Amino acid sequence: MKEEKESRGGMLIALCTICYFISYLTRINYGTVLLEVERAEGISKVAASMAVTGSFITYGAGQLISGWLGDRLKPEKMILAGLLTTAGMNLLVPIFTEPGMILVFWCINGFAQAMIWPPMVRIMSACPDGDTYKKAVVRVTWGSSAGTIAVYLLAPACIRWKGWKSLFFLCAAGAICFAVVWIKGVPAAMKRAGEARNRADDLEEEAAAQTRRTLEEFRSRYSKLMSDFEAASGHVNGELRKIEVTLSQLPRALDQTGAQLNELAARLEKKPEEKG
């Protein structure tokens, strides 16, 4: 049963892990090539860094809004919208390289990124049980770590290959490709995870029902045993009381018997004297 739950929840966990990997690629890639953007486009450090600050602000605010929307919209569709939006912003940044345009695009990207994590938590709650959910959270965080490592490896390679813009095109392409996989794969994954969860719930309910039946049977037998014990105890107590009464009368009966024996002995002693 444990293997079945893990296999049914495995596809969903894998999709969430890759999704978080892609989100990190498309979120922190700008920071990894910031110096190259400044050099290649002739942008000041302050102007180029404003996009990072703006993205940080919209990401934080977007988390609150996304959490509110997550209670009203399907989480898988929210994540799809976030993936497509972040892919679009990653495509626009290398095309429109003015500092003001980059700031606008990257602020939108920060908000789009905020549409990924809160709905993902809701999706992972479809895992068959608590242990699988914990494993899902751990493995999804692996995706963030892998994404960070990957983008720092890709950035210098892309700069040498076709310049900093190629990194954004590559990350955008990855987001678009995974968005297609997501929309096709996540409904089936959630269905399988839901079936495993329902089966686990049914088994737990069956086990609980069996426990209740066993407990009721134990209570019934205990009640019968106590009833029989009380009946036997009452009978024994009655017999003991009779014996107690009999024993309490025994000294008196012995005294009476002794008196009668003494009287009989006295009479026997008088008869020889009368004959003499």
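Every value quoted in this text rests on a predicted model; they were computed, and no experiment measured them. The residue numbering used here restarts from 1 in each chain and proceeds along that chain's sequence as written. Confidence filtering applies because this is a predicted model: local features only for residues at pLDDT of at least 70, side-chain atom pairs given and counted only at 80 or more, and all residues used for totals across whole chains, interfaces and linings. Side-chain numbers come from the whole structure's heavy atoms, not from hydrogens or water.

Asks: Help me out: how do you make sense of helix α3 (residues 45-70) in this one?
Replies: Helical geometry note: an α-helix holds 3.6 residues per turn, so side chains three or four residues apart project in the same direction. Only DSSP runs of H or I with at least four residues qualify as helices, and only runs of E with at least two residues qualify as strands; both kinds are numbered from the N terminus onward. Multiplying 1.5 Å by the helix residue count minus one yields the expected span of that helix. Its 26 residues place the ends of α3 37 Å apart at the C-alpha level, agreeing with the 38 Å of an ideal helix rising 1.5 Å per residue. Given a residue, its bend is the angle between the two axes fitted to the seven residues that end at it and to the seven that start from it. Roughly 25° is the biggest bend found in α3, and it falls at Gln-63. If you check which residues of α3 are buried, you get Ala-48, Ala-51, Gly-54, Ser-55, Thr-58, Tyr-59, Gly-62, Ser-66 and Gly-70. Burial here depends on accessible area, computed with a 1.4 Å probe over protein chains only, as a share of the maximum for the residue type. Under 20% is buried, over 50% is exposed, and the range in between is partly exposed.

Asks: What should I look at first to understand a nonpolar patch on the surface in this one?
Replies: Only residues above 30% relative accessible area that lack a salt bridge enter a patch, with like-charged residues linked at up to 9 Å and the nonpolar side chains Val, Leu, Ile, Met, Phe, Trp and Tyr linked at up to 5 Å. Residue exposure ignores everything except the shown protein chains as possible cover, and the areas themselves are Shrake-Rupley values with a 1.4 Å probe. Definition used for salt bridges: Asp or Glu carboxyl oxygen within 4 Å of a side-chain nitrogen of Lys or Arg. On the surface, a nonpolar cluster with roughly 480 Å² of combined accessible area is contributed by Leu-91, Ile-95, Phe-96, Met-101, Phe-169 and Ile-176. The exposure class assigned to Phe-169 is partly exposed, which follows from its relative accessible area of 36%.

Asks: Teacher, can you tell me more about the layout of surface pockets here?
Replies: Unoccupied space between atoms shows up once a probe the size of one water molecule is rolled over them. The definitions used throughout rest on a 1 Å grid laid over the protein atoms alone, on which a cavity is an enclosed set of points accommodating a 1.4 Å probe that cannot get out and a pocket is an open set flanked by protein within 12 Å on both sides along at least five of seven lines; lining residues are those having an atom within 4 Å of a point. Grid points are joined across faces, edges and corners, and a volume is the space filled by probe spheres set on the points. Approximately 170 Å³ is the volume attributed to the largest pocket. Surrounding the largest pocket, Arg-27, Ile-28, Tyr-30, Gly-31, Val-52, Ser-55, Phe-56, Tyr-59 and Trp-106 form its lining.

Asks: Mind showing me how you'd approach the pattern of salt bridges here?
Replies: Think of it this way: side chains of opposite charge can pair up when their charged atoms draw near. Within the structure shown, the criterion is met by 1 salt bridge. For Glu-36, the salt bridge goes to Arg-39, with nearest N and O atoms at 2.5 Å. You can see Glu-36 and its partner Arg-39 sitting in helix α2 (residues 34-41), 3 residues apart, about one turn around the helix. On the basis of relative accessible area, Glu-36 is assigned to the buried category, the value being 16%. Relative accessible area serves as the criterion here: at 59%, Arg-39 is assigned to the exposed category.

Asks: Explain the nonpolar core here, please?
Replies: Taken as a class, soluble globular proteins show a tendency for nonpolar side chains to be buried jointly. Nonpolar cores were defined as sets of buried Ala, Val, Leu, Ile, Met, Phe, Trp, Tyr and Cys residues, with membership established by side-chain atoms within 4.5 Å. By size, the foremost hydrophobic cluster in this structure holds 45 residues, and its most contacted members are Cys-19, Tyr-30, Leu-83, Met-120 and Trp-182. Counting residues per element, the ones that place at least two in this core are α1 (2-32), α2, α3, α4 (75-92), α5 (99-114), α6 (117-124), α7 (130-161) and α8 (164-275). The contact definition used throughout considers only heavy atoms, calling two residues in contact when any of these lie within 4.5 Å. Contact partners of Tyr-30, with chain neighbours within four places excluded, come to Val-37, Ala-48, Ala-51, Val-52, Ile-102, Trp-106 and Phe-168.

Asks: Sorry if this is basic, but what is going on with the confidence of the model for the protein here?
Replies: Low pLDDT means the predicted coordinates in that region are not meant to be read closely. Confidence along the protein averages 83 in pLDDT terms, with 82% of residues attaining 70 or more. Summarising per-element confidence for the protein, the mean pLDDT is lowest in α8 (74) and highest in α5 (96). In the predicted structure, residues 1-7 sits below a pLDDT of 50 and forms 10 contacts with residues beyond four places in sequence or in another chain. Every residue carries a pLDDT, the predictor's confidence in it, which falls somewhere between 0 and 100.

Asks: What is the right way to look at the side chain of Thr-26 in this model?
Replies: By the secondary structure assignment, Thr-26 is in helix α1. Classification of Thr-26 by relative accessible area gives buried; the value is 0%. A 3.5 Å cut-off defines polar contacts: any pair of N or O atoms within that distance qualifies, except that in protein one atom must be a possible hydrogen donor and the other a possible acceptor, and neighbouring residues in sequence count only when both atoms are side-chain atoms. Here Ser-23 takes part through its backbone oxygen, which lies 3.2 Å from a polar atom of the side chain of Thr-26. Those residues in contact with Thr-26, other than ones at most four positions away along the chain, are Thr-86, Asn-90, Trp-106, Asn-109, Gln-113, Cys-171 and Ala-175.

Asks: Can you help me understand α5 in this one?
Replies: Here α5 contains 16 residues, and its C-alpha end-to-end distance of 23 Å stays within 8% of the 22 Å for a straight helix at 1.5 Å per residue. Among the residues of α5, Ile-102, Phe-105, Trp-106, Cys-107, Asn-109, Gly-110, Ala-112, Gln-113 and Ala-114 are the ones counted as buried.

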